[in-house]
Amino acid sequence: MKNDYMTERVFGYVRVSTLEQNEDRQLIAMAKAGVPRSHIFVDKQSGKDFRRPQYKRLVKTLREGDLLYVLSIDRLGRSYEDIQEQWRILTKDKGVDICVIDMPLLDTRGYKDLMGTFIADLTLQILSFVAQKERESIRERQRQGIEAAKARGVKFGRPAIGIPPTFGDMVDKWEKKELTLKCLLDSCDISEATFYRRLREYRAEQAKRS
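Below: a short report on this structure.

Scoring rules and cut-offs
- Residues numbered from 1 in each chain as written.
- Predicted model: local features only at pLDDT ≥ 70, side-chain atom pairs only at ≥ 80, totals over all residues.
- Heavy atoms only, no water.
- Pairing = 2+ DSSP bridges.
- Helix = DSSP H or I, 4+ residues; strand = E, 2+ residues; numbered from the N terminus.
- Axes fitted to C-alpha atoms, helices over the stretch in contact; angles between N-to-C directions.
- Buried < 20%, exposed > 50% of the residue type's maximum accessible area, 1.4 Å probe, protein only.
- Contact = heavy atoms within 4.5 Å.
- Arc of directions from axis to C-beta.
- Parallel < 35°, antiparallel > 145°, perpendicular 65-115°, else oblique.
- Nonpolar A, V, L, I, M, F, W, Y, C, P; charged D, E, K, R; others polar.
- Phe/Tyr/Trp six-rings, centres within 6.5 Å; stacked < 30°, edge-to-face > 60°.
- Lys NZ or Arg CZ within 6 Å of the ring centre and 35° of its normal.

### Notes on the sheet that holds strand β4 (residues 97-100)
Right, so step 1: Ordered in space as β2-β1-β3-β4, the 4 strands form an open sheet in which the pairing is parallel. Only two strands of the sheet have a single neighbouring strand rather than two, namely β2 (40-44) and β4. When strand polarity is set aside, the average angle formed by the axes of neighbouring strands in this sheet is 20°.
Right, so step 2: Bridge count for strand β3 (residues 67-70) against β4 is 4 bridges, and the pairing is parallel. Bridging from a neighbouring strand, Leu 67 pairs with Asp 97 of β4.

And the structure:
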């Protein structure tokens, strides 16, 4: 039950998955809903879990009687179980109302009776399930794309560090102590670890030719 001395404060939560993505659409929606800019918390991070700095700050700031806006349920998160848990914490434990702008059925202010709560909970379960399935589909499409690219010969990871054509001569001089390891590394512009890896490869290639 809301305390009489507490008046409603309005907040907004905005999330984009990467630093490059633009949050303007969500900010515009928050402004139309009447959320003060100073009360909007923005995370530029994946929605796979709720270990996000601004979301944590938001939860600490929220108190009973507050109203929280999010544009869509997938902006809150993409894990079915985590969304359900956070929704329970915010609405039940902290006594906060939540309004999902893109889904009017998910506005806890209008569903205080048993039937309304049932409809809101059912809608939440469906939407959070869809959010998780979409995340899984994205990961699967990424995996398939990587496999297809590899099949076409596309290389992933850091490019291999090349060695000069005179590497064999320098190795011979190094083994004869006519060239220091430091001079060899500087000449090839490689690290010591890379040198020994290339040395093993060089010797294996020489052994094949013998």
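### Considering the environment of Val 16
Right, so step 1: As for its position among the elements, Val 16 is in strand β1 (residues 10-16).
Right, so step 2: Residue Val 16 is classed as buried on the basis of its relative accessible area, which comes to 3%.
Right, so step 3: Sequence separation of Val 16 and Leu 76 is 60 residues, and the distance between their C-alpha atoms is 10.0 Å.
Right, so step 4: If we skip the residues at most four places from it in the chain, Val 16 touches Gln 21, Asn 22, Glu 23, Gln 26, Asp 43, Lys 44, Gln 45 and Arg 75.

### Here we look at helix α1 (residues 24-32)
Because each turn of an α-helix spans 3.6 residues, side chains separated by three or four positions end up pointing in the same direction.
Right, so step 1: Of all the residues in α1, the buried ones are Gln 26, Leu 27, Ala 29 and Met 30. Summarising the axial view, the buried residues of α1 lie within an arc of 160°, below the 170-degree limit, and thus occupy one face. Residues of α1 that are exposed and angled more than 90 degrees away from the buried face: Arg 25, Ala 31 and Lys 32.
Right, so step 2: Count one or two residues on from α1 and you reach Gly 34, which has phi positive near 90°.

### Examining the packing of helix α6 (residues 167-175) against helix α8 (residues 192-209)
Right, so step 1: Where α6 meets α8, the axes come as close as 11 Å, and the angle between the chain directions of the two elements is 105°. Our classification of the angle between α6 and α8 gives roughly perpendicular. Judged by residue contacts, Phe 167, Gly 168, Val 171, Trp 174 and Glu 175 of α6 engage Phe 195, Tyr 196, Arg 198, Leu 199, Tyr 202 and Arg 203 from α8.
Right, so step 2: Here the residues of the contact of α6 with α8 sort into 7 nonpolar, 1 polar and 3 charged.

### Concerning the packing of aromatic side chains
Right, so step 1: The full count for this structure, using the stated rule, is 8 aromatic pairs.
Right, so step 2: With 6.3 Å between their ring centres and 45° between their planes, Phe 11 and Phe 41 make a pair best called tilted. Residue Phe 11 is found in strand β1, and its partner Phe 41 is found in strand β2; the two are separated by 30 residues along the sequence. Residues Phe 11 and Phe 41 agree in their burial class; the two are buried.
Right, so step 3: Ring centres of Tyr 13 and Tyr 55 lie 5.3 Å apart, and the angle between their planes is 75°; on these two criteria the pair is classed as edge-to-face. With Tyr 13 in strand β1 and Tyr 55 in helix α2 (residues 53-61), this pair connects stretches of sequence that are 42 residues apart.
Right, so step 4: Note on Tyr 13: relative accessible area 0%, which makes it buried.
Right, so step 5: When its relative accessible area of 2% is taken as the criterion, Tyr 55 is described as buried.
Right, so step 6: Across from the ring centre of Phe 50, 4.5 Å away, lies the NZ or CZ of Arg 52, which sits over that ring.
Right, so step 7: Here the basic side chain of Arg 52 rests over the ring of Tyr 55, its NZ or CZ set 5.8 Å away from the ring centre.

### Brief notes about unusual backbone geometry
Residues other than glycine predominantly adopt negative phi, and peptide bonds predominantly adopt the trans conformation.
Right, so step 1: The backbone of Lys 177 sits at a positive phi, close to 65°, despite the residue not being glycine.
Right, so step 2: Residue Lys 177 is classed as exposed on the basis of its relative accessible area, which comes to 77%.

Coordinates in, geometry out; function isn't part of it.
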